[in-house]
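Structure assessment
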Amino acid sequence: MKKLSVIFTLVLSFMFLLSACGTADNNKTGDNTKKSDSSQTAGGDLLKQVKDAGVLTIGTEGTYSPFTFHDNSGKLTGFDVEIAQEVAKRLGVKAEFKETQWDAMFAGLDAKRFDMIANEVGINPDRQKKYDFSSSYITSEAVVITAKNNNKVKSFNDIKGLNSAQSLTSNYADLAKKYGAKIVGVDGFEQAIELLSQKRVDVTVNDKIAFLDYTKQKPNAPVKIAATSADASQSAFMFRKGSNTLVDAVNKALKDMIADGTYKKISEKWFGQDVLK
């Protein structure tokens, strides 16, 4: 009996140890799960990531005057650049621009090369399905631009069958296609105007404000506006889906800029007027 009692005591002790180890393992697993969940939550807060890094990375062309381009000293500047810099300042971080060709810019955003795009990106339903947008910060009209001596094109309907120089993924390319134009791909506005001046294309559908700025800088450019769209388009900063916290913070910064007159000051510097509406 004494031997049995000893054996029984040993068995109970062994079972207790196994139970204790199992509880410790379960607790450890629970702690890891909590840490993982917490990490995922923090990882989804893009505003927190931006503030922790102290940098807001911004995709832009750098070739689209007056919105984003290089001045004579080589410095990146423009309306969109200044608006984005002011937004970053109000978020308490530094604006860091990553220059990318327009047709590769969306892929760069998808690949997380930057946090947002500042490049007069037009808001349209197809983009809204895949991306988040800030509040609109510029309103403009689409125009048909032709050579000065072209008297055949007088409306959007007249571009059917004509060669139109367009950035392939732009709203203006979609508009040119809608009216039946044949699309000739270009990297940006200035290349479109260059091809038009060389008579390698017939037209380009583009932004009225960009055209007015271009002809202000080059008054002898052999191009003109042949037609103006009745519908105004709105542009905004663009983000990956799920960037809610950053979008909200950017919207607040834009709202404050408009309220305190900073937006109007920047707008008048570049365009001589308020281009918000």
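Computed from a predicted model, the values in this text were never measured in an experiment. (Residues numbered from 1 in each chain as written. Predicted model: local features only at pLDDT ≥ 70, side-chain atom pairs only at ≥ 80, totals over all residues. Heavy atoms only, no water.)

**Some points on the overall build of the protein chain**
Which entries qualify depends on this criterion: Numbering of helices and strands runs from the N terminus; a helix is a DSSP stretch of H or I covering at least four residues, while a strand is a stretch of E covering at least two. Here the term buried applies to any residue with accessible area under 20% of the maximum for its type, exposed to any over 50%, and partly exposed to those in between, with areas from a 1.4 Å probe on protein chains only. Residues count as neighbours in contact if any of their non-hydrogen atoms are within 4.5 Å of one another. Areas reported here follow the Shrake-Rupley algorithm with a probe of radius 1.4 Å; residue values treat only the protein chains shown as occluding.
Scanning the protein chain from terminus to terminus reveals 10 helices and 11 strands. Considering the protein chain as a whole, with its 277 residues, one finds that 45% of them fall into the buried category. Summarising the internal contacts of the protein chain: among those between residues at least 6 apart in sequence, 69% fall at separations of at least 24. Carbon and sulfur atoms provide 52% of the accessible area of the protein chain, an area that totals close to 15100 Å².

**As for the pattern of salt bridges**
When the charged atoms of two side chains with opposite charge come close together, those side chains can pair. The criterion, for reference: The salt bridge criterion pairs a side-chain nitrogen of Lys or Arg with a carboxyl oxygen of Asp or Glu, the two atoms within 4 Å.
Counted by the stated rule, this structure contains 10 salt bridges. A salt bridge links Lys-130 to Asp-110; the shortest N-O distance between them is 3.3 Å. Note that Lys-130 is positioned in helix 5 (residues 125-130) and Asp-110 in helix 4 (residues 102-110), a separation of 20 residues in sequence. A relative accessible area of 47% means that Lys-130 is categorised as partly exposed.

**Observations regarding the pairing of strand 8 (residues 163-166)**
The two faces of a sheet get side chains in turn, since along a regular strand they alternate between them. Put simply, the rule is: The pairing criterion for strands is at least two bridges between them, as found by DSSP. With strands facing away from the observer, any crossover in which the path from the first strand over the helix to the second runs clockwise is taken as right-handed.
Looking at chain direction, strand 8 and strand 9 (residues 182-185) are connected through four bridges and run parallel. Residue pairing for strand 9: Ala-165 is matched across the bridge by Val-184. With helix 6 (residues 171-178) bridging strand 8 and the parallel strand 9, this β-α-β connection has right-handed handedness.

**Points about the packing of aromatic side chains**
Selection rule: Pairing of aromatic rings covers Phe, Tyr and Trp, the last through its six-membered ring, and needs centres within 6.5 Å; plane angles under 30 degrees mean stacked, over 60 mean edge-to-face, and all others mean tilted.
Within the structure shown, the criterion is met by 12 aromatic pairs. Aromatic pair Phe-156 and Tyr-179: ring centres 5.2 Å apart, planes at 45 degrees, arrangement tilted. Residue Phe-156 is found in the loop between strand 7 (138-147) and strand 8, and its partner Tyr-179 is found in the loop between helix 6 and strand 9; the two are separated by 23 residues along the sequence. Judged by its relative accessible area of 7%, Phe-156 is buried. Joined through ring pairs, the aromatic side chains of Tyr-64, Phe-67, Phe-79, Tyr-137, Phe-189, Tyr-214, Phe-237, Tyr-263 and Phe-271 make up one cluster.

**Side note on the environment of Leu-56**
Looking at where Leu-56 falls in the secondary structure, it is placed in strand 1 (residues 55-60). Of the residues examined, Leu-56 reaches a relative accessible area of 0% and is grouped as buried. Residues Leu-56 and Asp-115, spaced 59 residues apart in sequence, show a C-alpha to C-alpha distance of 6.5 Å. Residues in contact with Leu-56, not counting those within four places in the same chain, are Val-50, Ala-88, Leu-91, Val-93, Lys-94, Ala-95, Glu-96, Asp-115, Met-116 and Leu-246.

**Notes on unusual backbone geometry**
Pro-66 follows Ser-65 through a cis peptide bond whose omega is 5 degrees. Topologically, Pro-66 is positioned in the loop between strand 1 and strand 2 (69-70). A positive phi is found at Glu-120, a non-glycine position, where the angle reads about 45 degrees. As for its position among the elements, Glu-120 is in strand 5 (residues 116-122). Since its relative accessible area comes to 7%, Glu-120 is described here as buried. Phi is positive for Lys-199, close to 60 degrees, though the residue is something other than glycine. Checked against the element boundaries, Lys-199 lands in the loop between helix 7 (189-197) and strand 10 (203-207).

**Brief notes about helix 2 (residues 46-53)**
Quick note on the threshold: To obtain the arc, one takes the directions from the helix axis to the C-beta atoms.
By the burial criterion, the buried members of helix 2 are Leu-46, Leu-47 and Val-50. All buried residues of helix 2 fall inside an arc of 100 degrees around its axis, so they share one side. Phi turns positive, to about 75 degrees, at Gly-54, one or two residues after helix 2.

**Let's talk about helix 7**
Those residues of helix 7 lying buried are Phe-189, Ala-192, Ile-193, Leu-195 and Leu-196. Viewed along the axis of helix 7, the buried residues span an arc of 160 degrees, placing them on a single side of the element. Those residues of helix 7 that are buried are in contact with strand 7, strand 8, strand 9, strand 10, helix 8 (208-217) and strand 11 (223-240). Phi turns positive one or two residues past the end of helix 7, at Lys-199, with a value near 60 degrees.

**Things to note about the packing of helix 7 against helix 8**
For clarity, the threshold we go by: Note on definitions: angles span 0 to 180 degrees between N-to-C directions of axes, and those axes are lines fitted to C-alpha atoms, for helices only across the stretch in contact. With respect to orientation, any angle under 35 degrees is reported as roughly parallel, any angle over 145 as roughly antiparallel, any angle of 65 to 115 as roughly perpendicular, and every other angle as oblique. Take the far helix as your reference; a near helix turned counterclockwise from it by less than a right angle gives a left-handed crossing, and one turned clockwise gives a right-handed crossing. Here the nonpolar group is Ala, Val, Leu, Ile, Met, Phe, Trp, Tyr, Cys and Pro; Asp, Glu, Lys and Arg are the charged ones; every other residue, Gly included, is treated as polar.
Interhelical geometry of helix 7 versus helix 8 gives an angle of 65 degrees and a closest axis separation of 11 Å. Between helix 7 and helix 8, the angle falls in the class roughly perpendicular. Seen along the crossing, helix 7 lies across helix 8 with a hand that is right-handed. When helix 7 is examined against helix 8, the residues Phe-189, Glu-190 and Ile-193 are found in contact with a partner set consisting of Ala-210, Phe-211 and Tyr-214. Its residues placed into classes, the contact of helix 7 with helix 8 shows five nonpolar, no polar and one charged.

**Concerning the pairing of strand 7**
Among the 10 residues in strand 7, nine count as buried, and that is most of the element. Where strand 7 lies against strand 11, nine bridges are found, and the strand directions are antiparallel. Within the sheet, the bridge partner assigned to Thr-146 lies in strand 11 and is Lys-224. In this structure, strand 7 lies alongside strand 10, joined through five bridges in antiparallel fashion. The partner of Val-143 across the bridge, within strand 10, is Asn-206.

That is the geometry; function is a separate question.
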